[in-house]
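Reading the structure
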Amino acid sequence: SGMQYDYVIYTNADIILHEDFYNIVRKQIEAGYGSFRINRQTVIGGNINSKGDNLNRKGDPYTVQDLDEIFSSQEMLLHHGTDCFVIEKSILKKVDMGNIFIGTLGFANMLLLQTSYFAKQPRKFGTFETNATYHFGNDQIWREDESLLRLLELNMNNVVDL
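Residues numbered from 1 in each chain as written. Predicted model: local features only at pLDDT ≥ 70, side-chain atom pairs only at ≥ 80, totals over all residues. Heavy atoms only, no water.

**Some words on the pattern of salt bridges**
Across all of its chains, the model carries 2 salt bridges by this definition. R40 is paired through a salt bridge with D83; the nearest N and O atoms lie 3.2 Å apart. Here the residue R40 occupies a position in the loop between β3 (35–38) and β4 (41–43), and D83 occupies one in the loop between β5 (76–77) and β6 (84–88), the gap between them amounting to 43 residues. The exposure class assigned to D83 is buried, which follows from its relative accessible area of 5%. (Salt bridge = Lys/Arg side-chain N within 4 Å of Asp/Glu carboxyl O. Helix = DSSP H or I, 4+ residues; strand = E, 2+ residues; numbered from the N terminus. Buried < 20%, exposed > 50% of the residue type's maximum accessible area, 1.4 Å probe, protein only.)

In structure tokens:
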């Protein structure tokens, strides 16, 4: 394609980016990381509604006006998974994801495995190192949703095929 880029950022759709996210990413690129991931902070308390319904305490959908409240919440949990990748173009060109469904279980692990293998200096930034990404609650609805569980099974079969 005719698009010019040096890095690709992949973040799950349910992740909230801090207002300084791109400055934080640029700083890590300038530090020499060709591939890195940023683990999210799971927002669970304070004035944040963590029921998983994406409504604030007033019962309204979250908007940009709620961001300061989210970023300043004092009740955050560590998250062990990976929801945000920053990958240099030369590394991404080597990655083969086969027929894995994007954004579902198995996708992040396969992307992590391959980008870590191809990168000279891969890096994982832990949950509280960058304060760059956030997620409401830790409901893990995929554990109970039959259609998502079928996608997981397909993904695992597709991973074996790689």
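**As for the side chain of T133**
Considering the arrangement of structural elements, one finds T133 in strand β8 (residues 133–136). A distance of 3.4 Å separates the side chain of T133 from the backbone nitrogen of R40, its partner in a polar contact. In contact with T133, other than residues within four places in its own chain, are I15, I16, L17, F21, I38, N39, R40, Q41 and C84. (Polar contact = N/O pair within 3.5 Å; in protein donor to acceptor, adjacent residues only side chain to side chain. Contact = heavy atoms within 4.5 Å.)

**Some words on the sheet that holds strand β1 (residues 7–11)**
Spatially, 4 strands are ordered β1-β6-β3-β7 in an open sheet, and the strand pairing comes out mixed. Every other strand in the sheet has two partners, leaving β1 and β7 (123–125) as the edge strands with one partner each. Across the sheet, the mean angle from the axis of one strand to that of its neighbour is 15°, orientation sign disregarded. In the sheet, β3 pairs with β7 via 3 bridges, with the strands oriented parallel. (Pairing = 2+ DSSP bridges. Axes fitted to C-alpha atoms, helices over the stretch in contact; angles between N-to-C directions.)

These figures capture arrangement, not role.
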